[in-house]
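These are the residues of each chain, in order.
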Amino acid sequence: MSYVALFVTFINDIRINRCKSEQIEMKKYFLLLFFFLSTFLNAQTEWKKENLKCPVCRHEQYYYVPVHNVVTIDIEAQYQLVFFPFTQHQSVFACTKCKYSALMDDFFNVDTNFVKKIEDIDISGLAVGRFKSYLDMDVTDRLLIAEKIYKNKDLDDEFWCRFYRICAYQFEREDYDREAEEYREKALELSQKMLIDRSYSEGREKEFLLISGSMFYFLNEPDSAYTYVREASMRTYTGNSRKVENVRAKENLLTRVSQQFAVHLRKEKLEYYSK
Ligand SMILES: [Zn+2]
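All figures in this text were calculated on a predicted structure; none of them were measured in a lab. (Residues numbered from 1 in each chain as written. Predicted model: local features only at pLDDT ≥ 70, side-chain atom pairs only at ≥ 80, totals over all residues.)

Trainee: Honestly, the overall build of the chain in this entry has me stumped. Any pointers?
Mentor: Of regular secondary structure, the chain possesses 11 helices and 4 strands. When the 275 residues of the chain are sorted by exposure, 28% land in the buried category. Pairs at least 24 residues apart make up 58% of the contacts formed inside the chain by residues separated by at least 6 positions. (Helix = DSSP H or I, 4+ residues; strand = E, 2+ residues; numbered from the N terminus. Buried ≥ 20, exposed ≤ 12 C-beta atoms within 10 Å, placed from the backbone. Contact = placed C-beta atoms within 7 Å.)

See the structure below:
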């Protein structure tokens, strides 16, 4: 059914249905319709195609770049601190010719020396075949190639913690649950390491507590998850000199997510013990 037809049906329903219970149903229907239409329209406008050159082999092809920032509506992604565009598979760039892959924010950030290094990295068995667009390559293959490439760069624990959370999120979406679990175990280990390392955690405990709690939750350890998330929700994020960022915006975001997550976990806990 077309969107116009759906909307006409909705208007007709308003005229016909007058009793209170029906009005409540209509409200639900309207919200559902609004959500559906806005999601559809967003999907049409959030990415645009750009013809760009691969920094390794100079092959030219289309890459999808976000037109504007989109609010992440997937609550489970928010709990893992994975946000748009990394909730979408378009954000993992790959060259269809040489298969070089990386997250879109650092795909083009390679110097000549590193290009030589990339050419020696063994990616056999991944993204095998010819592809018209990088979107035709499995996002899990793109991430596995990116992981091999990143291992040849000098990247810190914070990078890896974020990268593993993105991998866990994308692998789970593709039903690779065991791999998602392994990535979350790695992200958890790193968040715990950063939590006790003052150079990372001074002023930023709230963030690492929340990540730890989130990883515990998705690894089916709800009691530990609740302890960490609740603690995170009570802390204040003040940032530190290691990271340049909008501290107030980050504090607002972490407070919103951790409070919502704590309520969710408490509700799950109460439901479990009332059974
Ligand atoms: Zn290439």
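Trainee: How should the pairing of strand S1 (residues 47-53) be read in this particular structure?
Mentor: Regular strands place their side chains on alternate faces of the sheet. In terms of burial, S1 is a largely surface element, 0 of the 7 residues being buried. Here 7 bridges tie S1 to strand S2 (residues 60-66), and the two strands are oriented antiparallel to one another. Within S2, the residue paired with Asn 51 across the bridge is Tyr 62. Hairpin connection between S1 and S2: a loop of 6 residues separates the two successive antiparallel strands, and Arg 58 in this loop has a positive phi of roughly 70°. (Pairing = 2+ DSSP bridges.)

Trainee: How should the nonpolar core be read in this particular structure?
Mentor: Where a protein is soluble and globular, its nonpolar side chains tend to be buried together. Counting residues in each nonpolar core, the largest one holds 56 residues, and the members touching the most others are Ala 94, Cys 167, Ala 168, Ala 187, Leu 210 and Val 229. Dropping the residues within four chain positions of it, Ala 187 is found in contact with Cys 161, Tyr 164, Arg 165, Ala 168, Ile 211 and Met 215. (Core = buried A, V, L, I, M, F, W, Y, C linked by C-beta atoms within 7 Å.)

Trainee: I would appreciate a short explanation of the environment of Arg 184 in the present structure.
Mentor: With respect to the helices and strands, the residue Arg 184 is situated in helix H7 (residues 177-196). The exposure class assigned to Arg 184 is buried, which follows from the 24 C-beta atoms found within 10 Å. For the pair formed by Arg 184 and Ala 168, sequence separation is 16 residues and the distance between their alpha carbons is 6.1 Å. Every residue in contact with Arg 184, bar those within four places of it in the chain, is listed here: Ala 168, Met 215, Phe 218 and Leu 219.

Trainee: It is not clear to me how unusual backbone geometry should be interpreted in this structure. Could you clarify?
Mentor: Negative phi values dominate among residues other than glycine, just as trans dominates among peptide bonds. The residue after Phe 84, namely Pro 85, is reached through a cis peptide bond having omega 10°. Note on placement: Pro 85 falls in the loop between helix H3 (75-79) and strand S3 (92-94). Residue Leu 81 is not a glycine yet carries a positive backbone phi of 55°. For Leu 81, the location among the structural elements is in the loop between H3 and S3. One non-glycine residue, Asp 175, adopts positive backbone phi at about 70°. Structurally, the position occupied by Asp 175 is in the loop between helix H6 (157-173) and H7.

Trainee: Explain helix H10 (residues 222-234) here, please?
Mentor: Every α-helical turn comprises 3.6 residues, leaving residues that sit three or four positions apart pointing alike. If you check H10, its first and last C-alpha atoms are 18 Å apart, about what 13 residues at 1.5 Å a residue would give, namely 18 Å. All buried positions along H10 are accounted for by Ala 225, Tyr 226, Tyr 228, Val 229, Ala 232 and Ser 233. The secondary structure elements touched by the buried residues of H10 are helix H9 (205-218) and helix H11 (247-273). (Expected span 1.5 Å × (residues − 1).)

Trainee: For this particular structure, what's the right way to read H9?
Mentor: For H9, spanning 14 residues, the distance from its first C-alpha to its last is 20 Å, which sits close to the expected 20 Å at 1.5 Å a residue. Asn 220 sits one or two positions beyond H9 and adopts a positive phi of about 60°.

Trainee: What's the story with the packing of helix H5 (residues 139-150) against H6 in this structure? I'm lost.
Mentor: Two measures define how a pair of helices packs: the angle their axes make with one another and the distance between the axes. Axis separation between H5 and H6 bottoms out at 10 Å; the angle between their running directions is 160°. Regarding the angle of H5 to H6, the classification is roughly antiparallel. By crossing handedness, the relation of H5 to H6 is classed as left-handed. Between H5, through Val 139, Thr 140, Leu 143 and Tyr 150, and H6, the contact on the second element is made entirely by Phe 163, Cys 167, Gln 170 and Phe 171. Split by residue class, the contact of H5 with H6 holds 6 nonpolar, 2 polar and no charged. (Axes fitted to C-alpha atoms, helices over the stretch in contact; angles between N-to-C directions. Parallel < 35°, antiparallel > 145°, perpendicular 65-115°, else oblique. Left-handed = near helix turned anticlockwise from the far one by under 90°. Nonpolar A, V, L, I, M, F, W, Y, C, P; charged D, E, K, R; others polar.)

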